[in-house]
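Geometric and topological summary
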Amino acid sequence: MDASIRNEGLIREVLDHACEHSEIVIISTPYMRFESSFLRLEEGLVHCHANMDLEDAKYGLRSPELKIRFPHAEHFYEGATKLLGLGRAKGRPSLQLGIPITLEDGDYRRAYRAERIGRVPVTFSTRKYELLMGSLINISTTGLRLFLNRTYEEDELLVDDMIHVAFTVGGTIYINTKVKVRYIKEKVFGAEFRPPLDGQLLEDLARWVFQKREEDLLAMGRSAGQGETVPSGEVRGSAALVLVSSSNELGDQLSALLASDLPPLRRLPQTIQSARDLASAGPALVLFHVDSTSWETRRRLKALAEALPATLPIVALGTGVDSGQLAELGTEIRAVWSYPLQPTPGSIFPRLLRGIFRKHFPD
């Protein structure tokens, strides 16, 4: 059964519950992700904590593919949104995000199972009311898998048995409940919570499993449903990083800003010959410097972009120009992102470039 929500009233009900409980939320673009929390629901928008520099949020989250992901009961919902503005809610700086038209439950066919859980001992009973010890293999919001520390005796544990389990995950989430055995194979058995978990226990477990899933997605370098690559670690040597600009000062500024976790920056002049050299030089992330949105600048940058292979991602990097006009020019030159560089850049711009590298040059 598809657990997606398309009813506006139900979507607001889910978001209202998330705000009431300050639920964790992942805000992501194809190139970056941010962990935040819900604050307040209003007419037409929802507030999330702006736990990053506000200027960085303003320019780092303006993506047509902006999404939010968060846990709710046994579901992990995801929905498309957009950044409407910056504000305050509950005395904290906030991101004002549009309310999704649809909330998709990507895990409705089978609840996500957290595998990387460390060593978790479990006490459980058998059908003969004997206490045994096992180890937790994985867990979801609907069930678990256990490893028995010794071999089963005949008829000691059978499919459809109702048994009692007790264990602690995450250091603080104590689960003491009944489960129904669904399958047995050698020393391993799987079971589902009966009755299903609810209330605060379900919320706490869902949040913990959701965080484990996000950690797994980070480790795999992708994001649920998006193929999102995640900016972590070095990407040196994966491809070239080229600034197409006539400004030596900008080249020096970026070299200092991006040093150590990106390929060395190379600067080329804004000439057709530079574009031709790039076209034959192999993979590269190309930064087009935009210091004017005049007709002449637009014509020159469009000609340079057309001389590059479509496989080379372009970032329109603006200085001293209007952000709206920069975004318009970025569309004209098929830029994957348009970013107005501030006089004192924050940490978002290097993260953005790392995400673009991993998205377009996965090897």
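Relevant structure appears above.
In short, a report on the structure. (Residues numbered from 1 in each chain as written. Predicted model: local features only at pLDDT ≥ 70, side-chain atom pairs only at ≥ 80, totals over all residues. Heavy atoms only, no water.)

1. Some words on the pairing of strand 9 (residues 121–125)
Let me state the cut-off plainly: By the convention used here, strands pair only if DSSP detects at least 2 bridges between them. In this text, helices come from DSSP runs of H or I with a minimum length of four residues, and strands from runs of E with a minimum of two, each type numbered from the N-terminal end.
Sheet analysis places strand 9 next to strand 10 (residues 131–139), joined by five bridges and oriented antiparallel. Residue P121 lies in a different strand from strand 10, and its bridge partner there is S135. The hairpin formed by strand 9 and strand 10 contains five residues between the paired strands, and Y129 there has a positive phi angle of roughly 65 degrees. When strand 9 meets strand 12 (residues 162–169), the two strands line up antiparallel, connected through two bridges. What sits directly across from T123, in strand 12, is A166.

2. Observations regarding unusual backbone geometry
With omega at 0 degrees, the peptide bond leading from R194 into P195 counts as cis. With respect to the element layout, P195 can be found in the loop between strand 14 (188–193) and helix 3 (199–220). Backbone geometry places S22, a non-glycine residue, at a positive phi of 50 degrees. Looking at the element boundaries, S22 is found in the loop between helix 1 (8–20) and strand 1 (24–28).

3. As for the sheet that holds strand 11 (residues 143–148)
For the record, the criterion: Whenever a helix is involved, its axis is fitted only over the stretch in contact; in every case the axis is a line through C-alpha atoms, and angles between N-to-C directions fall within 0 to 180 degrees.
With antiparallel pairing, six strands are arranged side by side around a closed barrel as 9-10-11-14-13-12. Mean inter-strand twist for the sheet, computed between neighbouring axes without regard to direction, equals 45 degrees. Bridging between strand 11 and strand 14 involves five bridges; their strand directions are antiparallel. Residue pairing for strand 14: R145 is matched across the bridge by G190.

4. So, the pattern of salt bridges
What counts, and what does not: A side-chain nitrogen of Lys or Arg and a carboxyl oxygen of Asp or Glu constitute a salt bridge if their distance falls within 4 Å. Note on classification: 1.4 Å probe, protein chains only; a residue is buried when its accessible area is under 20% of the maximum for its type, exposed when over 50%, partly exposed between these limits.
Applying the stated criterion to the full structure yields 17 salt bridges. A salt bridge links E104 to R6; its shortest N-O distance comes to 3.8 Å. Of this pair, E104 sits in strand 8 (residues 104–105) while R6 sits in the segment before helix 1, and the two are 98 residues apart along the sequence. Judged by its relative accessible area of 52%, R6 falls in the exposed class. As a salt-bridge pair, E215 and R116 come within 3.9 Å of each other at their nearest N and O atoms. Taken together, the residues E215 in helix 3 and R116 in the loop between strand 8 and strand 9 connect sequence positions 99 residues apart. Since its relative accessible area comes to 36%, E215 is described here as partly exposed. Residue classification places R116 among the partly exposed residues on the basis of a relative accessible area of 44%. Here the salt bridges do not stand alone but share partners, grouping R33, K67, R69, E78, R213 and E214 into one network.

5. Comments concerning the sheet that holds strand 16 (residues 265–268)
Stated precisely, the cut-off is as follows: Pairs of residues are marked as contacts when any of their non-hydrogen atoms sit within 4.5 Å.
Here we have five strands laid out as an open sheet, ordered 16-15-17-18-19, and parallel in their pairing. Pairing within the sheet leaves two strands with one partner each, and these edge strands are strand 16 and strand 19 (337–340). On average, each strand axis in the sheet is tilted by 25 degrees relative to the strand beside it, whichever way the strands run. With five bridges connecting them, strand 17 (residues 284–290) and strand 18 (residues 314–318) associate as parallel partners. From the neighbouring strand, V286 faces strand 18, where its bridge partner is I314. Its contacts with the sheet put helix 5 (residues 272–279) on strand 15 (240–244), strand 16 and strand 17, and the angle it makes with strand 16 is roughly 140 degrees. On top of the sheet, helix 6 (residues 295–306) reaches strand 15, strand 17 and strand 18; it is set at about 170 degrees to strand 17, its chief contact.

Purely geometric numbers; function is a separate question.
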